[in-house]
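So you can see what is in the structure, the chains are spelled out below.
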Amino acid sequence: MAKVGFALNYDSVKGRHDVVAGLTVAAISFPQAMAYALIAGVDPRFGVYSAIVVTIVASIFGSSSHLINGPTSAISLLVFTALAFIDSENSTQLFEGLFLLAVLVGVFQIVISLFKLGNLTRYISESVIIGFMAAAAFLLAVGQLGNALGVRDKGNGHMQVLHRVWLTLSHGDHVNYRAVVLSTAAVLLAVVLRKLVRRYGWPQIDMLAVLIITSVIAYLAGWSIPGAGGHTAVSVAAKIPRSLPSAHVPEVHTEFLPHLSTGALAIAFVGIIEALSIAKAIAYQTQQKIDYNRQIMAEGLANLAGGFFQSLPGSGSLSRSAINFQSGAKTRFSGIVSAATVAGALLLFAPLLRYVPQPALAGLLLVTAVRLVDFKRLIYTVKASRYDAGLVIVTAFTGVAVDLDKSVLLGVVLSILLFVPRAAKLKARELIVTPERVVRERISGENADPLVVIYDLEGELFFGAAPELDRHLAEISKRIADDDIKFVVLRLKRVRHPDVVCIERIEHFLREETARGVTVLLAGVRPDTLAVLNNVGFQSWFAAEHVFPEEDEDFSATLKAVRYAHSELADLNLREPPPIAPELTSFYYLV
């Protein structure tokens, strides 16, 4: 029904907005796609194919109205790392590895969506992503120094990135001043044009304008025209055929799978986080509700299709999505328009792309590297806490010193490992009833009721919290034994997600104290906790009148339990009956 409603509500006004936004996005998609393919170390046409296939499939199946998928700088860096074990001179194996990698990424993301694991991404700390982006930006910048200076890269894919950069700069060719002129011009033009675009609200085609201007400069100077030996004065982009991506089944090299699987898992995680965070940020402004698992499925389908259509793996693009939103896009149709426009431009202008100088692309990527890092956010996060600073530093250092895919996986593992101890913090505090009939936390040294004690538990009741629960229950048992307590009110209103390990601990405590003649009252029992207790046969041996479910926010189950304990003590002639009639329980307050 939702899809039908979408079709019925679509009109010419929305269509016009989507077309304008799609055309604007396409203007930046084309040069970005070529540049990101260069980052990944593959033929530029595969980046352009990604801007067609991945973009259109994700737009068709996605949830966000404004998210634009396709090649991104972060994903391209991960692709470069994942393919580093393949000899870059063996282009056939490199390309087959690229397509197989895209298929694996798509499969991983589809599996994550099918098992509805999208919500698990919230347990991955933002500090990991910030650290990853810092490492990615650094590697992106140093990786383009050779192209910016016009020298050939030295070393091989098995070497660490910094080692290769050192060899390139210290043992490489002489610096090509023409390349330096073009890369410097690209940087300056990119900075100036971006300021003008923002000041005057021009269409955001500054990257495309930079490539056109530098290409014209190189052509007029004769630097991009082949000489007598067939060589150009500066390196130019590879020739892109004037054809759309065709269906292709990747060749499976079984020896590639162990290497590619690790990289594919890292790309799948980063791609999901990148896409969801961008979609979430835009949806916060538009008030659109995002179906996260559907969006993850769209990411997986897009990369899977891309692998079979010779495309670079992709994800949600921050720059293109922001432009799409700011250009007034109304629906996902704008992404389809963008992909179609890139396809049309490929058929019309492909021969001209051979005049785009690589130093100019390198200059654009140097600017992209700087813009990739939110320095204010980075400093803010590092200063926030040792926990956040540690995650940022470890992830960034691993990304630079080892490789990016392992830094992502390490960051994810660290996020979870550091989250579990925090989630396992189960708090217990003693409450008292004051003479003013207020139930509040007992202050250290304050007199307490010698016959009735009230304990409040708060936290997650899962297996990780079992040691904490054991400790708190042991302290309560000791208090009962030392002070000869007759009634214990155990408040369970603030415990969540009980599992068998913790329920078994609570059952053992109840049986042990009941056997010693102590009456334990369970107050504020939530429906999920009560359901688990009943599932294990709790109701067959524990008195129903000793359970006080939390039924009404205005009427505390804890106060019911306290009143019940006082009434029972009165029946045993251990205490005077409570001075307030049972129906006047509103005189009690819980804080």
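As shown above, the structure is provided for reference.
Residues numbered from 1 in each chain as written. Predicted model: local features only at pLDDT ≥ 70, side-chain atom pairs only at ≥ 80, totals over all residues. Heavy atoms only, no water.

Overview of the nonpolar core
Line of reasoning, step 1. Val-42, Val-48, Val-79, Leu-83 and Phe-132 are the most contacted members of the largest nonpolar core, which has 91 residues in total.
Line of reasoning, step 2. By residue number, the principal contributor to this core is helix α2 (residues 12-40), which donates 12 residues.
Line of reasoning, step 3. In this view, Val-42 contacts Ala-37, Leu-83, Leu-94, Phe-95, Leu-98 and Leu-312; residues no more than four positions away in its chain are not counted.
Line of reasoning, step 4. Core analysis: the second largest hydrophobic core is formed by 32 residues, Ala-423, Leu-457, Val-488 and Leu-510 among them. (Core = buried A, V, L, I, M, F, W, Y, C linked by side-chain atoms within 4.5 Å. Buried < 20%, exposed > 50% of the residue type's maximum accessible area, 1.4 Å probe, protein only. Helix = DSSP H or I, 4+ residues; strand = E, 2+ residues; numbered from the N terminus. Contact = heavy atoms within 4.5 Å.)

Here's the deal with the packing of aromatic side chains
Line of reasoning, step 1. Counting across every chain of the model gives 11 aromatic pairs.
Line of reasoning, step 2. Plain terms: the ring middles of Phe-46 and Phe-95 are 4.7 Å apart, the flat faces sit at 75 degrees to each other, and that makes the pair edge-to-face. Residue Phe-46 is located in helix α3 (residues 44-61), and its partner Phe-95 is located in helix α5 (residues 91-114); the two are separated by 49 residues in the primary sequence.
Line of reasoning, step 3. By relative accessible area, Phe-46 is classed as buried at 1%.
Line of reasoning, step 4. Aromatic ring contacts, followed pair by pair, group Phe-46, Tyr-49, Phe-95 and Phe-99 into a single cluster.
Line of reasoning, step 5. Of note, Arg-511 hangs over the ring of Trp-541, and the distance from its end group to the ring centre comes to 3.9 Å. (Phe/Tyr/Trp six-rings, centres within 6.5 Å; stacked < 30°, edge-to-face > 60°. Lys NZ or Arg CZ within 6 Å of the ring centre and 35° of its normal.)

What to know about the packing of α3 against helix α14 (residues 333-349)
Line of reasoning, step 1. Running from N to C, α3 and α14 cross one another at 155 degrees; their axes reach a closest spacing of 8 Å. By the angle between their axes, α3 is roughly antiparallel relative to α14. In this structure, α3 crosses over α14, and the sense of that crossing is left-handed. Along the contact surface, α3 presents Val-48, Tyr-49, Ala-51, Ile-52, Thr-55, Ile-56, Ser-59 and Ile-60, while α14 presents Gly-335, Ile-336, Ala-339, Val-342, Ala-343 and Leu-346. (Axes fitted to C-alpha atoms, helices over the stretch in contact; angles between N-to-C directions. Parallel < 35°, antiparallel > 145°, perpendicular 65-115°, else oblique. Left-handed = near helix turned anticlockwise from the far one by under 90°.)

Observations concerning the side chain of Arg-332
Line of reasoning, step 1. Note on placement: Arg-332 falls in the loop between α13 (318-326) and α14.
Line of reasoning, step 2. Of the side chains with opposite charge, Asp-18 comes closest to the buried, unpaired Arg-332, at an N-O distance of 9.7 Å.
Line of reasoning, step 3. From its side chain, Arg-332 meets the backbone oxygen of Ser-59 in a polar contact 2.9 Å long.
Line of reasoning, step 4. For Arg-332, the residues in contact, after removing those within four places along its chain, are Ser-59, Ile-60, Gly-62, Ser-63, Ser-64, Ser-65 and Arg-294. (Lys, Arg positive; Asp, Glu negative; His and termini not counted. Salt bridge = Lys/Arg side-chain N within 4 Å of Asp/Glu carboxyl O. Polar contact = N/O pair within 3.5 Å; in protein donor to acceptor, adjacent residues only side chain to side chain.)

Observations regarding empty space enclosed by the protein
One water molecule sets the probe size; rolling that probe over the atoms shows where empty space is left.
Line of reasoning, step 1. In this structure the tally under the stated criterion is one cavity of 30 Å³ or more.
Line of reasoning, step 2. One number sums up the size of the largest cavity: a volume of about 30 Å³.
Line of reasoning, step 3. Looking at the lining of the largest cavity, the elements with two or more residues in it are α10 (206-220) and α15 (358-372).
Line of reasoning, step 4. It is α15 that contributes the most residues to the lining of the largest cavity, four residues altogether.
Line of reasoning, step 5. Along the lines of polarity and charge, the residues of the lining of the largest cavity split into four nonpolar, one polar and two charged. (1 Å grid on protein atoms, 1.4 Å probe; cavity = no way out; pocket = protein on both sides within 12 Å on 5 of 7 lines; lining within 4 Å. Points joined across faces, edges and corners; volume = space filled by probe spheres on them. Nonpolar A, V, L, I, M, F, W, Y, C, P; charged D, E, K, R; others polar.)

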